[in-house]
Every structure is written in C-alpha cells, then in structure tokens.
Amino acid sequence: MNRLQVGIIGAGVISGRYIQNLKSVPFIEKLFIADQDASRAKNKGTEFDIPSVAVQTLLDDPCVDLIVNLTPPKAHADVSRMIIEAGKHVYSEKPLAVTRDAGEDILTRAETHRVRVGCAPDTFLGGGLQTCRKLIDDGWVGTATAGVAFMMGHGHESWHPDPAFFYEEGGGPLFDMGPYYLTALVALLGPIRRVSGAARASFAERIITSAPRRGEIITVKTPTHVAATVEFVQGPIVTLVTSFDVWPTSLPSIEIYGSEGTLSVPDPNDFGGPVRIRRGRESEWHDMPILYGFTDDCRGLGVADMAYGIMHNLPHRAHGQLAYHVLEAMDGILQAASSGRHYDMKSRITRPDPLEPSGWGLRD
Ligand SMILES: NC(=O)c1ccc[n+]([C@@H]2O[C@H](COP(=O)([O-])OP(=O)(O)OC[C@H]3O[C@@H](n4cnc5c(N)ncnc54)[C@H](O)[C@@H]3O)[C@@H](O)[C@H]2O)c1
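No experiment lies behind these values; they were computed from the predicted model shown.

Novice: Just to check I follow, could you spell out the domain arrangement of the protein chain for this structure?
Specialist: By convention, interface size is frequently given as the accessible area that disappears when the constituent parts associate. Taken domain by domain, the protein chain consists of domain 1 (4-119) and domain 2 (124-287). A C-alpha centroid distance of 26 Å is found between domain 1 and domain 2. Listed as interface residues are 7 residues of domain 1 and, on the opposing side, 9 residues of domain 2. In terms of residue class, the side of domain 1 that touches domain 2 is made up of 5 nonpolar, no polar and 2 charged.

Novice: What is the right way to look at helix H7 (residues 172-189) in this model?
Specialist: An α-helix turns once per 3.6 residues; consequently, residues spaced three or four apart project the same way. The terminal C-alpha atoms of H7 lie 25 Å apart, and with 18 residues this matches the ideal 26 Å at 1.5 Å per residue to within 8%. Gly178 marks where H7 bends most, by close to 60°; the proline Pro179 follows one to four residues later. H7 sits mainly inside the fold: 18 of its 18 residues count as buried. Gly190 occupies a position one or two residues after H7 and carries a positive phi of about 95°.

Novice: When you look at the UniProt feature "domain: GFO/IDH/MocA-like oxidoreductase" (unreviewed entry) in the protein chain in this model, what are you seeing that I'm missing?
Specialist: Mapped onto this numbering, the UniProt entry annotates "domain: GFO/IDH/MocA-like oxidoreductase" (unreviewed entry) at residues 130-263. Split by type, residues 130-263 is 19% helix and 35% strand. Its first and last C-alpha atoms lie 13 Å apart.

Novice: Sorry if this is basic, but what is going on with the environment of Glu328 here?
Specialist: By the secondary structure assignment, Glu328 is in helix H9 (residues 320-339). Distance in space between the C-alpha atoms of Glu328 and Glu282 is 39 Å, their sequence separation being 46 residues. Among all residues touching Glu328, those that are not within four sequence positions of it are Arg100, Met345, Lys346 and Ser347.

Novice: Can you help me understand the nonpolar core in this one?
Specialist: The nonpolar side chains of a soluble globular protein tend to be buried, and buried together. Counting 102 residues, the largest nonpolar core has Ile8, Tyr181, Ala184, Leu185, Ala307 and Ile333 as the members making the most contacts within it. Residues lining this core come from more than one domain, with at least three contributed by each of domain 1 (4-119) and domain 2 (124-287). Residues in contact with Ile8, not counting those within four places in the same chain, are Ser15, Tyr18, Ile19, Leu31, Phe32, Ile33, Ala34, Val68 and Leu70. The next biggest cluster of nonpolar side chains, apart from the first, holds 5 residues, and it includes Phe166, Ile208, Ile218 and Val220.

Cut-offs used in this document
Residues numbered from 1 in each chain as written. Predicted model: local features only at pLDDT ≥ 70, side-chain atom pairs only at ≥ 80, totals over all residues. Domains from an automatic or database assignment. Contact = placed C-beta atoms within 7 Å. Nonpolar A, V, L, I, M, F, W, Y, C, P; charged D, E, K, R; others polar. Helix = DSSP H or I, 4+ residues; strand = E, 2+ residues; numbered from the N terminus. Expected span 1.5 Å × (residues − 1). Bend = angle between axes of the 7 residues up to and from the residue. Buried ≥ 20, exposed ≤ 12 C-beta atoms within 10 Å, placed from the backbone. UniProt positions renumbered as here; feature names shortened; annotations may be inferred. Core = buried A, V, L, I, M, F, W, Y, C linked by C-beta atoms within 7 Å.

Structure (structure tokens):
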C-alpha cells in the first residue's frame, strides 16, 4: 500500500502538536485539517502549511485513508461515526466516547465497515512507560501486587481558552485525565477485573481565569473528585484518585508495588521519564536508563503506529478495544460511586504488544 493521506477534524488547542508530529512521519503522504468553524481550520492550515478543507469535503475525499478526531469529548462519538460511515479509519482523542453504549456502537460500526479504530492516549508508547513495562515484565520488582495513581490539580480553567467542556458529561478529572492513568496501568498490569469508587463535585461553579472568557462562570455538571479502587485480572489492586478540586500535593503520579520492590512510574500524560526503582530494604531510589525512544511530546505516535499497521497489515497498539476497556472502567467507577456496589468489567482484552526499541523506522 502507498503512503497514507490523513485528515484531522478539530482545529483547536491540541491540533498543532498533532500536525507538527504527523508532518514528520515518513509514511504519511499528506495531511488535511477541517473544523466545523472554517476559520479555525484555515488559520491552522496557514500556520502549519497544510490544506484546510470543509469537514464534508474531507469525508467525501476517496484519497483520504484515516481521519483523526480532535473534537471535544461530547462530539467524539458523532464525529467518529461519520468518519466510519464514510469508510475511513478513525483515530480519536480520548475518551473514545462519553457513554459505554456510544463506545460500543463505534466498535460495532467499524467492524461492519471493515475499518480500524484507534484512540488516545498514546503516551504508553513513549520511552518512559515502555521502559516501565519492560522492567515489570523482566521481574525487577517481582510480582506486582498493588499500586497507586494520583492525578490531582485544580482544573483547566486557568489556561484553556474554552474550558467549559471539562465540567460537562465526559469531562471531569476521571474522563479527561483518567484515560492516561488507566491506559498506562492496563499496558503495565493487564486487563481490569472490577472497579469501585466514590465521587463528588466539591464546587458547584468554576470561574474561568484564562483569556478570552476570563470571568465567565461554568456550572459543574460532572464529579470533580473521584477516588477509585481498580482490581486487575492478574491480582494487583490499584488506588486511583483523579481530582480537579485539589491545590498543591506531593503525591506521586503512579507507583507499582511488587513482591521485591517498588517502581516509580513517570507522569503518564508525558512520554519520557524519570523511571526509578527501589528494591527490598534499599535506602535509595535508582534512576533507570530509558530503554526506548519517543520521550518528547510525541502526541500522534498512536496515529503513526496505526498508519504503519494499516500499510503492513499489522495490529496497531492504541486500539479501540483498549480505549473501550478504559471507558468501561471509568463508567464503572462512576456507576459504583452512585450505586454503592462494585462494577464487574465485561470487556476482556490482552495488553497491546510492546514497541520495538528501535520504533519501526520512525524518526524519534
Ligand atoms: N488541549 C490539550 O492540551 C489536550 C491535550 C490532550 C488531549 N486533548 C483532547 O483533545 C480534544 C480536543 O481538545 P482541544 O483542547 O483541542 O479542544 P478545543 O476546544 O480547543 O478544540 C476543539 C475543536 O473542535 C471543533 N469541533 C467541535 N465539534 C465539532 C464537530 N462536530 N465537527 C467538527 N469540528 C468540531 C471546534 O470548533 C474546535 O475548533 C479533547 O478530546 C481533549 O480532551 C486536549
């Protein structure tokens, strides 16, 4: 198969990073940008020197193989469905959808249309998390028994130009940031067996302090502090807290506890390190060498892996089933929080293959 032509729908904040990275992928021939707001698409197109087109033109173009969905979470399902119905492979920003039904529908339609689904995050393909996976798989901390994962801050209304979607259904710290943590944990520890949780919205309103909406009030429509217990099929029990209600904290991003020691995992919103290990009764942490490439902000790496998979008829790693498993876990946590009962996971997946240390001929 020839090199791929790739479109992007959604010319917002994150699109620049994707365009910049995807422009350097040797097996992507051409990139297009589209947005329901044509002026946004035009501006991004001009900034990065790629063609801007109408959304429908992109969907109708028979030369376009794959479309990246960078719209806000609530639009993900509708836009991904349109892409699939147009007969194109889709790679969506996280979460896959804001409800489990919509996520399932995307996977079913993709199967019917024989197209692939990929989904962010792809940070688990970065050098930091791939190194952690190798250390766990090679037994550096023995058998994994437990872990903690913390994403705590005070929300995105201090920097994002249009932050209301973070406080709607499909936003909140769990659906917004949880995918980084849960995807990393599944890549490290395997599939999830069951979850439980407690959730609250500590503040009914948020004040935007970023331009251009400075001073506007957002009504909070989703939990903003979620504490969960995540039990893995292989046995480990992970305590996960995601919050937009916390001022400074000194808690780690992720730690994995094993029978022989502890692995300190880097921020799963990033691609690099540091990766540290402390075994048994050692008194000091050891910085481990990062064994894989892709340690800068490589957002779009999952798209490149998917494009490579399409060209060579190989599976891609940041795939729809993985994203659905994570969506089910997040939905299950909120369901458990409101019902007061554990949620037993229905989807079962296997961990995506590790990345080759050399990548696949992609420039790091
Ligand atoms: N901003 C970040 O730093 C960041 C980082 C990682 C992931 N993400 C994810 O990327 C996605 C986009 O985030 P963003 O910050 O770029 O949002 P944004 O609000 O800046 O941009 C979203 C764009 O999508 C367009 N859009 C909305 N609905 C559409 C539709 N139905 N059809 C076509 N275009 C439509 C909007 O006009 C807007 O230009 C979200 O899922 C977010 O969680 C964002």
